[in-house]
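# A closer look at the structure
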Amino acid sequence: MHQKSLTTLEFPKIIERLAAETSFSASRELALSLLPSDDPAEVTRRLALTTEARRLTEDRPELGVRGARDVRPNVARAMRGATLQPAELLDVLTTLRSSAQVSRLMRRVGEAYPRLAALLIDMPERQALIGRIETCVGEDGNVLDSASPDLRRIRVDLRTAQHRLQERLGTLVGEFRSSLQEELITTRGGRYVLPVRADAKGQVKGIVHDQSGSGATVFIEPLVVVEMNNRLRQLEMDEQREVERILRELSDAVAAEAPYVTLAVELLADLDLQLAKARYAGELRAGEPTIGASGQLRLRQARHPLLKGRVVPIDFWLGGETRMVIVTGPNTGGKTVALKTVGLLCLMAQAGLHIPAEDGAEIPIYESIFADIGDEQSIEQSLSTFSSHMSRIIEILNLADDRCLVLLDELGAGTDPTEGAALAQAILTWLDARHVATVATTHYSELKVYAHEHPGVVNASVDFDVETLSPTYHLSIGLPGRSNALAIAARLGLPEEVLSRARDFVGSTGVEMENLLHGLQAERKGAADERYRLSMERAEAEHQRATIERERAELAEERVRILNDARAQARREVESLQRELAQVRTQLKGGKLTDEKLAALRAQVNTLDGKTSPLPSPGRTRRARPDEVAEGPLQLGDTVLVTTLGQQGELVGLADGAGRVEVQLGGLKMRVPAEKVQRLSKRQARAHETQQALKLPERPAEEAPGVTLDLRGWRVEDALDEVDTYLNDAALYGMGEVRILHGKGTGALRQAIRQQLGKSPLVKSFASAANNDGGDGVTIVTMR
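Quick summary incoming for the structure in this document. (Residues numbered from 1 in each chain as written. Predicted model: local features only at pLDDT ≥ 70, side-chain atom pairs only at ≥ 80, totals over all residues. Heavy atoms only, no water.)

### Some points on the environment of Arg784
Position of Arg784 among the secondary structure elements: in the segment after strand S24 (778-783). Once the C-alpha coordinates of Arg784 and Met735 are considered, the two residues, 49 residues apart in sequence, prove to be 9.1 Å apart. Among the polar contacts made by the side chain of Arg784, one reaches the main-chain carbonyl oxygen of Pro761 at a distance of 3.0 Å. (Helix = DSSP H or I, 4+ residues; strand = E, 2+ residues; numbered from the N terminus. Polar contact = N/O pair within 3.5 Å; in protein donor to acceptor, adjacent residues only side chain to side chain.)

Here's what the structure looks like:
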């Protein structure tokens, strides 16, 4: 990548923000050294790692590299024979503990995060070294008694000798109380002494070790405790030698494990970098772009990641038939920001960072991105603004080819307008001839005409509100910008005489162009208003259709209720006749009725009984034969046959983008491929009405849906459709319990899914998973 252009596009500021999200120095170094790659496979791998890391931080927020330190310098010193101090050994210990924790976790969840698992597959777990350091060094940085039997014995002897010495000195304090400056025991040169007044030093026999600054106090080691002091001092030196020996052994152990400790630091740093990328992506509300081999650059609702406050997003595309975009518009209107946004987001994507844009962003791989942006002067080289720009553009022209992206701000500015416009057209023609993807900003009307007349070159503009005299920062592709100079001057109150003279100087062609642009913008606004009106009318029509469908269903239910009430009355009459028939049988046994009269009564009962079958409710399913299919296109409300189930239901939804229609089968609503649904005529449907309940056919077990539906990262609308389909499939296969994995995030996806579950007739109950099974990030669903 062109280093000067990286700075121009502020990529180092992005890297600084990323580095601020890291946890320790080794990962910070990795972040600061991160550069865009021009290898599509590497860019894809980096982006996939960031995506997995975002999911991992949602599912396992406790994961991190807390406690890890960059101990590579200490390990290198140990390999050269240096003795590491307890604090340095503790850094090694916490780093190895972190690596062991990460390794254990990835063994449990690695299947869900294959790229991260592959990244950390060699993560070392040096339990022997961990245990050895833990045995020898305490959390406070002291060498423990448990480090060796000799150290334990020496310290026991040391504490005993200290206690005896202090007891003896306590007795001497009482004996020499009148000779002491203070009744206390102190130390000088590592030996215990008494503070004796200078005028009474002859009364205490012993060795003078020191005296106070005033000379009024001398510090005397009484002769009776010299041997005890010697013993104590000897034990202290024995302890120090043993501690040094232990530290030396531990340092040698670290040196022996140096390759593994170094690898642990490097892998932890790499993991922490991925987690930092995930955290930064969350902060930006960014998403993973698609790396397109087609060379298409498509951005929707893209935002500059360094801007604060209310940021106006832009839509942008480049590539395919469009090789060059020329952006025009007023100063401070957002042209330069749009230019930087395009370049910076491409650099971020190629570095493996998610970009602040809506889903569906597509980024090509550029071998280099060149940018000439800003009004810098080269003082060292005594170059003007124009010369500085031209020097940079000449460098770009010498390096750029069809694998590069070139960004040029205010092309041709800083010199005579006529010559500047001509020079700008020549530069653009040179780049276009070499198929270099280019985005340029300009004020020159000549370049608007250039874009209009050259295939593959597209005009774009940043909008300006003449009424408020303020830019909107909105980028419009396909329409050149107006200069607005005369309109702004008129709004500000410039006399009409001056304006008229200015229009004369501009000439009829310039005025006609401005009027044409004004007309085009008005037409575009009118088209947008018309689209809005049509969308409102469409929404109203949908509302009315839903109302009609609801009223139709209510009428159908009322019809069924009336008919069923009538048939219930008929059944009561049948039951009355059956009771009479029983009496007739009794009479027959007594010989009072003839066989002919009994047969007539039976026929009457059977006739009434056949008329008392209750009607099914609207949408009640029935089984139909495949040969009962009618010809004709499918329409909402049709009675249809689902051939894979052999069941009859009502068509309640036409084909979606995946070619699936929605069918109501009794209390079950499901989506099935349109080719699996056949329309039944009304006659055929009436001829085969039945009370038979829905029976699901046997289906191969290998086609059954998994017990877990993973919806992390889905848009709410798409996720709800997927939940609907998944519940249908789960019900078809008789699954009793399923899991919906939606992650925690902001909670919006979880709330929407649970609202849908609460309305589903297929769901008996649902609840969050246990804390060790995902908690609020997973919903456990019990099917009816």
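### Brief notes about the sheet that holds strand S2 (residues 191-197)
A sheet is described by the order of its strands in space; here 4 strands give the open sequence S1-S2-S4-S3, paired in antiparallel fashion. The open sheet is flanked by strand S1 (186-188) and strand S3 (206-211), the only strands paired with a single partner. Across the sheet, the mean angle separating the axes of adjacent strands is 50° when strand polarity is ignored. With 3 bridges joining them, S1 and S2 adopt antiparallel strand pairing. Of the residues in S2, the one forming a bridge with Thr186 is Val193. Against the sheet, helix H9 (residues 149-175) contacts S2 and strand S4 (217-222), and its axis sits at roughly 10° relative to S2. Sheet contacts for helix H10 (residues 226-256): S2, S3 and S4; angle to S2, the most-contacted strand, approximately 140°. (Pairing = 2+ DSSP bridges. Axes fitted to C-alpha atoms, helices over the stretch in contact; angles between N-to-C directions. Contact = heavy atoms within 4.5 Å.)

### Describing the pairing of S3
Pairing analysis gives 5 bridges linking S3 to S4, with the strands arranged antiparallel. Considered in S4, the bridge of Val208 is made with Ile220. Counting the residues in the hairpin turn of S3 and S4 gives 5 residues, including Gly215, whose phi is positive at 80°.

### With respect to the packing of aromatic side chains
Under the definition given, this model contains 0 aromatic pairs. Across the ring face of Tyr260, the terminal group of Arg126 is positioned such that the distance to the ring centre comes to 3.8 Å. The positively charged end of Arg188 is found above the aromatic ring belonging to Phe219, 4.0 Å away from the centroid. (Phe/Tyr/Trp six-rings, centres within 6.5 Å; stacked < 30°, edge-to-face > 60°. Lys NZ or Arg CZ within 6 Å of the ring centre and 35° of its normal.)

### Some remarks on the pairing of S4
Along any regular strand the residues' side chains alternate between the sheet's two faces. In terms of burial, S4 is largely enclosed, as 6 of its 6 residues are buried. By the alternation rule, side chains of S4 split into Thr217, Phe219 and Glu221 and Val218, Ile220 and Pro222, which are all buried. Where S2 lies against S4, 4 bridges are found, and the strand directions are antiparallel. In the strand pairing of S4, Pro195 is matched with Phe219. (Buried < 20%, exposed > 50% of the residue type's maximum accessible area, 1.4 Å probe, protein only.)

### Some thoughts on helix H4 (residues 40-59)
Counted at 1.5 Å a residue, the expected span for H4 with its 20 residues is 28 Å, and the 29 Å between its end C-alpha atoms agrees. Listed as buried for H4 are Val43, Arg46, Leu47, Ala48, Leu49, Thr50, Glu52, Ala53, Arg55 and Leu56. For H4, the elements touching its buried residues are helix H7 (114-119), helix H11 (258-284), strand S5 (290-291) and helix H12 (335-350). In this structure Asp39 caps H4, since a side-chain oxygen of it lies 3.2 Å from the backbone nitrogen of Ala41. (Expected span 1.5 Å × (residues − 1).)

### Focus on the environment of Glu239
Note on placement: Glu239 falls in helix H10. In the structure, Glu239 is positioned 85 residues away from Ile154 in sequence and 6.2 Å away in space, judged by C-alpha atoms.

### Notes on unusual backbone geometry
Phi is positive for Glu10, which is not a glycine, with a value near 70°. Topologically, Glu10 is positioned in the loop between helix H1 (3-8) and helix H2 (11-19). Owing to a relative accessible area of 16%, Glu10 belongs among the buried residues under this scheme. Positive phi outside glycine occurs at His435, with the angle close to 55°. Along the polypeptide, His435 turns up in the loop between helix H14 (417-433) and strand S12 (437-442).

Purely spatial values, then, with no claim about function.
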